[in-house]
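Coordinate analysis (summary)
These are the residues of each chain, in order.
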Amino acid sequence: METVPIAHRRAAEQDGTRWDIQGLRAFAVLSVVLYHLWPARLPGGFVGVDVFFVISGYLITGHLLREQLADGRIALGRFWARRAKRLLPGAFVTILATGAAVLTVVPNALWGQYGRELIASTVYVQNWQLAADAVDYLASDADPSPFQHFWSLSVEEQFYIALPLLLVLCAAVFRRRGRSPVVTARWLLGAVFVLSLAWCVVQTRTVPGVAYFSTGTRAWEFALGGLAATVPAALFTGRRAVRTTGALLGAVALLVALVVITPATPFPGTAALLPVGGATLVVLLGGRTVLETVGRIPPVAFTGRISYAVYLWHWPAIVLLPIALGHPLGAGWKLLVLGGSIGVAAASTVLLEEPLRFSARVRAMRPRRTALYGALSTVVVVALGASTLVALDVQQRQATEFAQALQRGDAPCFGAAARIGFDDPCTNPRLDDVRVPAASIAAKDDHNSADCWSGFEATLQTCTVGATTGATKHLFAVGDSHSNAWLAVYDEIGKRNGWRIEVAGHGGCYLTTARQDAPQQFQVDNCETWKRAVEQKIATEDLDGVIVTHAATVYPVVAQDGRSAAEATIAGQVEAWRTATDRGIPVVAIRDNPRPRQDVVACVGAMPAGPTTSACDTPRSAAFPTSDGQREAAARVGPLAHVVDLTRYYCDATTCPAVIGGVLVYRDGSHQTLTFAKTLRPYLEQGLLTALGGA
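Residues numbered from 1 in each chain as written. Predicted model: local features only at pLDDT ≥ 70, side-chain atom pairs only at ≥ 80, totals over all residues. Heavy atoms only, no water.

1. Here we look at the packing of helix 1 (residues 19-37) against helix 13 (residues 298-305)
Across the interface, helix 1 lies against helix 13 with an axial gap of 7 Å and an inter-helix angle of 75°. Considered as vectors, helix 1 and helix 13 are oriented roughly perpendicular to each other. Only V300, A301, T303, G304 and R305 of helix 13 make contact with helix 1, whose side of the interface consists of W19, Q22, G23, R25, A26, V29 and L30. Grouping the constituent residues of the contact of helix 1 with helix 13 by class yields 6 nonpolar, 4 polar and 2 charged. (Axes fitted to C-alpha atoms, helices over the stretch in contact; angles between N-to-C directions. Helix = DSSP H or I, 4+ residues; strand = E, 2+ residues; numbered from the N terminus. Parallel < 35°, antiparallel > 145°, perpendicular 65-115°, else oblique. Contact = heavy atoms within 4.5 Å. Nonpolar A, V, L, I, M, F, W, Y, C, P; charged D, E, K, R; others polar.)

2. Section: the pattern of salt bridges
According to the stated counting rule, one finds 25 salt bridges in the structure shown. The closest approach of N and O atoms between R78 and D71, which form a salt bridge, is 3.6 Å. Accessibility expressed as a relative area gives 37% for R78, which makes it partly exposed. On the accessibility criterion, D71 (48% relative accessible area) is partly exposed. Salt bridges linked by common partners bring E67, D71, R78 and R82 together as one network. (Salt bridge = Lys/Arg side-chain N within 4 Å of Asp/Glu carboxyl O. Buried < 20%, exposed > 50% of the residue type's maximum accessible area, 1.4 Å probe, protein only.)

3. Considerations on the confidence of the model for the protein
Should pLDDT be low for a region, the predicted coordinates there are not to be read in detail. Summing up the model confidence of the protein, the mean pLDDT is 88 and the portion of residues at 70 or higher is 92%. Contacts of residues 1-14 to residues separated by more than four positions or lying in other chains number 38 contacts, the stretch itself having pLDDT below 50. In the predicted structure, residues 136-140 sits below a pLDDT of 50 and forms 16 contacts with residues beyond four places in sequence or in another chain. (pLDDT = per-residue confidence, 0-100.)

4. Side note on the side chain of D445
Relative to the assigned elements, D445 resides in the loop between helix 17 (367-408) and strand 1 (462-466). Within the structure, D445 has its side chain in polar contact with the backbone nitrogen of T675 (distance 2.9 Å). Residues contacting D445, with those up to four places away along its chain left out, are P437, R667, T673, L674 and T675. (Polar contact = N/O pair within 3.5 Å; in protein donor to acceptor, adjacent residues only side chain to side chain.)

5. Some thoughts on the nonpolar core
One finds L24, W151 and V283 to be the most contacted residues of the largest nonpolar core, which totals 98 residues. Discounting chain neighbours no more than four positions away, the residues touching L24 are V51, I55, L254, A279, V282 and V283. By size, the runner-up hydrophobic cluster in this structure holds 57 residues, among which are F422, I493, A677 and A691. (Core = buried A, V, L, I, M, F, W, Y, C linked by side-chain atoms within 4.5 Å.)

6. Some thoughts on the state of the cysteines
A full pass over the atoms with the stated rule returns 5 disulfides. Disulfide pairing is shown between C413 and C426; the S-S distance is 1.7 Å. The sign of the -60° torsion about the S-S bond sets the C413-C426 disulfide as left-handed. Placement of C413 in the loop between helix 17 and strand 1 and of C426 in the loop between helix 17 and strand 1 is noted, with a sequence separation of 13 residues between them. C426 sits in the partly exposed class, given a relative accessible area of 28%. Disulfide partner of C603: C616, at an S-S distance of 2.0 Å. Across the S-S bond of C603 and C616 the torsion is about -85°, and the bridge reads as left-handed. (Disulfide = S-S within 2.5 Å.)

So, in structure tokens, the structure goes:
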């Protein structure tokens, strides 16, 4: 006779509810919400997501095994239909309401990102969207979207698809060997646990952004919960003291995790073992202990009951309310968000989700009809996100055509031609209310190419622009993403002057012998390897000049050997540049563009029609918080080192505007737009000609 796991020993209970798990749900959702509202007060609150993963693994595995034991098989269509009836109504209503709020209160500068994430959330691949953004250096300035929290729900949905398929496959493989479904599940989940945990530890060290969101690095958390569901009931029969002690140890581990784990902790990695292990002990041993007594307390029980809806509704409010108000949330507003989220979640659960879930008509609905309704609902919700992307595409084409028309017509004072930092600035009233590119598509106003970009990898990746044949000069342009922002301009300058320009870019890394800081050690190591390859190229190839550029405020130099960071920055450039100048090759450094306010694009996008105001501008002192050390380095290197400083085209004596001569200067909180870079072409070209001694 088959041994029934402890997870299914609830038929004898008075109402069949695991009140300890309801309490655990309440703990998990409140941890997440309080962390999002007061991260400094509850630094490890985000581990509530891991608790949910364990609960899901435990309950879903138990449900599937019970079906296998009772019926000899798993009805996949019926299982997925139940999941859809349980999860989709609340999720889709939240997405629709949030999408409508985005169109109402959010600047259209953010519609592109939010529209993509709306679609990703609707089809439950939001975790992969965020993982891709996490490793995309050029998307690193993206603001959190009101759909971001759907990453964890996406991971859960992928688990709901994969686990029953794997159980069915394993059952088919091992049935002839007489192996029971429970034993088969243990082997399967054990293998998933070991492989996923190992991969999680590796990726947390090497690619932490992907590790946090990846299904592969989170699968072990579900697997451990699932393994708990396979533990025989008889193992703890009559051992109340053991159950109570183990469950309380699990609860203590969860409380400790809230304090000792912080956003600075490499996570998930091995650190996730603390909350995951604690949650596993609770779901395994918490039944018929004091934790059930706690879970039965009405406020705790009700919070557990509405925990899914609370999770759905709280995050959009946290993201969208500050945008609507125009300022960060204070204590009063945070309390309102907390109470409002619980209130809306209660209404959503009681008035929408549970009536649908427990409706006799809905419960009797065949899986195929459920799939049809789910697909139609998905199309409707996706259409909302797609409509914003279509609108942005139209805006992008219109803005591009307008900018090209202005450039073709040599519009006076367009972009950098406004010469705002000169004694005789150029003014053109026709451009007072012009802002191109549109803020909504500013992020795409870029000409960087993967062919010229190594990302965070160690390999030197170069591309060639400018003159393709008969070049009079061979130049090498090297630096981080601020260097690659000039790519189209280099191409035009090269063609105009008969120069062949090779371009090489690396995320947060530039030509210096000094060691640069970075969030992860692999980034530091790869940067060092890449820089050595750049120096080798300069030392061995026949070059007529080296162009260097870097962001002054990103991935700074580490102070070493008793030097200050500022001195190390200068000395590192001096030593690296001499690789070229010692061979008689001139070095031309382009001073970094100013650093705007982080929300500059959203700020401009929220600006009403009419003349552009100064609301989104940055004080010059804040735009250049640190020196890039180029002038000092050039002075030490000697006459073959030059600096091209275009600051007067970005800033006047006191301010660095967000819009200059009708052109939006920045595409995010760090990089200039392609449109503005192109208007700087004549001035950069003249600087290069002067430094390199003409064509």
